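Structural overview for review
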Amino acid sequence: MSELVLPEVELNIYSPKDPTEITVVENYVCTKESSPNFVRHVTFDVSGTELEGRVRAGQSIGILPPGENEKGRPHKLRLYSVSSPTKGEGGKLNLISTTVKRTIEELDGKLYTGIASNYLADLKPGDKVKATGPSGKRFLLPENEKSFNYVFFATGTGIAPFRAFIKELYEENDYDGHIALVFGCAYRTDLIYADLFKEMDEKHENFHYITCVSREARRSDGTKKYVQSSIMDCAPQLDPILSQENTLLYICGLKGMETGIYQNLAIKGFSEYLVLKSDYAEIDPAEWDWEEMRRNVKPGDRTFEEVY
């Protein structure tokens, strides 16, 4: 296998105490319009700042919402994964994009709206935003990125870095390895960037777009379709990629999604993507307890995890 070397990256050029100001240039819905969830693609112009040309795909930028909380303190910084490739949105180094879902929840009988997500979702072209970053030094493509195959697992806005990675590999590097993108959501209307990935799937024989819609069609045994179930259900597409020594695994989305992925990888015999502590390797993976897994099953050197 080719040596895995992650690139050196710059971190925290701008801090919460010394942010920069960037300008919104586009803000549009990136799910199907009929979706009950509101997910938007937001692009910023960072011209004239130190962020220009210095943010890699896989990193995040921080957003500082204006105003104060109920205690009179400034709202906290929120990090958002970059969804544009390293060379910028549309190949323009001054343009950086991210993917934002409005947070609207009911807690204890009261409606709660996320401060940062709704602030960003409401922005119009021309609006100014205080930003920090970049953040993140591990959830990156390797320096010799064309030497590897990739399996990407995403839920929700965890799709953001994978949009960046996939665009970078195909649009900038004439990539000829294999990529599988597995995306999970509740309903078909929640598919993010679906048209882009469908087009990629049709255009490139080495790109495999797999969707797991949990609250619609069921699996043959009656259980719901989650990202981890694709490891079993989509073996013809995934097994040939996972079995290669030069395949890297990336997981991004809601915390907890990694547990089922790791268990099914082990059941299928792909334990090289994992590190098993103590004597856990002696236990049948089908019998693994999810609580105990948190302590005994960790990502291996070829697995990159960013869950929240």
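Residues numbered from 1 in each chain as written. Predicted model: local features only at pLDDT ≥ 70, side-chain atom pairs only at ≥ 80, totals over all residues. Heavy atoms only, no water.

If you tally the helices and strands in the protein chain, you get 7 helices and 15 strands. Taken along its principal axes, the extent of the C-alpha atoms in the protein chain is 55 × 50 × 40 Å. A fraction of 71% describes how many contacts in the protein chain between residues 6 or more apart in sequence connect residues 24 or more apart. Looking at the protein chain as shown, the accessible area adds up to about 15,200 Å², and 46% of this sits on carbon and sulfur atoms. The positive charge centre, built from 37 side chains, and the negative charge centre, built from 48, are 6 Å apart in the protein chain. (Helix = DSSP H or I, 4+ residues; strand = E, 2+ residues; numbered from the N terminus. Contact = heavy atoms within 4.5 Å. Areas by Shrake-Rupley, 256 points an atom, 1.4 Å probe, with all protein chains shown as cover. Lys, Arg positive; Asp, Glu negative; His and termini not counted. Charge placed at Lys NZ, Arg CZ, Asp CG, Glu CD.)

This part takes up the packing of aromatic side chains. How two aromatic rings sit relative to each other is set out by the distance from centre to centre and by the angle between their planes. Within this structure, the stated rule accounts for 18 aromatic pairs. Relative to Tyr 250, the ring of Phe 139 has its centre 5.4 Å away and its plane inclined at 85 degrees; by these criteria the two rings are edge-to-face. Pair noted here: Phe 139 is in the loop between strand 8 (128–135) and strand 9 (149–155) and Tyr 250 is in strand 12 (residues 247–253), with a separation of 111 residues, a long-range link. On the basis of relative accessibility, which here comes to 5%, the residue Phe 139 falls in the buried class. (Phe/Tyr/Trp six-rings, centres within 6.5 Å; stacked < 30°, edge-to-face > 60°. Buried < 20%, exposed > 50% of the residue type's maximum accessible area, 1.4 Å probe, protein only.)

Attention shifts here to a nonpolar patch on the surface. Together, Phe 38, Ile 104 and Leu 111 line one region of the surface with nonpolar side chains, adding up to about 330 Å² of accessible area. Within the secondary structure, Ile 104 sits in strand 6 (residues 104–107). Of the residues examined, Ile 104 reaches a relative accessible area of 45% and is grouped as partly exposed. (Patch = residues over 30% accessible without salt bridge, like charges linked within 9 Å, V, L, I, M, F, W, Y side chains within 5 Å. Salt bridge = Lys/Arg side-chain N within 4 Å of Asp/Glu carboxyl O.)

Okay, the sheet that holds strand 8 next. Strand order in the open sheet formed by 6 strands is 4-3-8-1-2-5, with antiparallel pairing between adjacent strands. Among the strands making up the open sheet, the edge pair consists of strand 4 (78–81) and strand 5 (95–101). Taking each pair of neighbouring strands and ignoring which way they run, the sheet shows an average axis angle of 45 degrees. Sheet analysis places strand 3 (residues 60–64) next to strand 8, joined by 4 bridges and oriented antiparallel. Of the residues in strand 8, the one forming a bridge with Ile 63 is Ala 131. (Pairing = 2+ DSSP bridges. Axes fitted to C-alpha atoms, helices over the stretch in contact; angles between N-to-C directions.)

So, about the sheet that holds strand 11 (residues 207–213). Pairing is parallel in the open sheet, where 5 strands are placed in the order 11-10-9-12-15. In this open sheet, the two strands that pair with only one neighbour each are strand 11 and strand 15 (303–307). If you compare each strand with its neighbour and ignore which way they point, the axes differ by 10 degrees on average. Where strand 12 lies against strand 15, 5 bridges are found, and the strand directions are parallel. Counterpart to Tyr 250 in the pairing with strand 15 is Phe 304.

The next thing to look at is the nonpolar core. For soluble globular proteins, the rule of thumb is that nonpolar side chains tend to be buried together. By size, the foremost hydrophobic cluster in this structure holds 34 residues, and its most contacted members are Tyr 150, Phe 152, Phe 162, Leu 181, Phe 207 and Tyr 250. Those elements giving two or more residues to this core turn out to be strand 9, helix 2 (160–173), strand 10 (179–185), helix 3 (194–203), strand 11 and strand 12. The leading source of residues in this core is helix 2, at 6 residues. Listed in part, the 27 residues of the second largest apolar core include Val 227, Leu 242, Met 257 and Tyr 262. (Core = buried A, V, L, I, M, F, W, Y, C linked by side-chain atoms within 4.5 Å.)

Moving on, we get to the packing of helix 2 against helix 3. Taken N-terminus to C-terminus, the directions of helix 2 and helix 3 make an angle of 35 degrees; their axes are 12 Å apart at the nearest point. For the element pair helix 2 and helix 3, the recorded crossing hand is left-handed. Counted together, Arg 163, Ile 166, Lys 167 and Tyr 170 of helix 2 and Leu 196, Phe 197 and Met 200 of helix 3 form the full contact between these two elements. A class-by-class count of the residues in the contact of helix 2 with helix 3 yields 5 nonpolar, no polar and 2 charged. (Left-handed = near helix turned anticlockwise from the far one by under 90°. Nonpolar A, V, L, I, M, F, W, Y, C, P; charged D, E, K, R; others polar.)

With that settled, the discussion passes to the environment of Arg 219. By the secondary structure assignment, Arg 219 is in the loop between strand 11 and helix 4 (230–233). Taking the relative accessible area as the measure of exposure, Arg 219 reaches 21% and is therefore partly exposed. Separated by 10 residues in the primary sequence, Arg 219 and Ser 229 have C-alpha atoms spaced 8.7 Å apart. Residues contacting Arg 219, with those up to four places away along its chain left out, are Lys 224, Lys 225, Ser 229, Met 232 and Asp 233. A polar side-chain atom of Arg 219 sits 2.8 Å from a polar atom in the side chain of Asp 233. (Polar contact = N/O pair within 3.5 Å; in protein donor to acceptor, adjacent residues only side chain to side chain.)

Take Thr 155: it is sitting in strand 9. C-alpha of Thr 155 to C-alpha of Tyr 170: the two residues are 15 residues apart in sequence and 22 Å apart in space. Among the polar contacts listed, one links the side chain of Thr 155 to the backbone nitrogen of Leu 254, at a separation of 3.1 Å.

A word on helix 5 (residues 235–242). Those residues of helix 5 that fall on the buried side of the exposure criterion are Ala 235, Leu 238, Ile 241 and Leu 242. One side of helix 5 holds all its buried residues, which, seen down the axis, span an arc of 150 degrees. Where the residues of helix 5 are buried, they touch strand 9, strand 10, strand 11, helix 4, strand 12 and helix 6 (257–267). (Arc of directions from axis to C-beta.)

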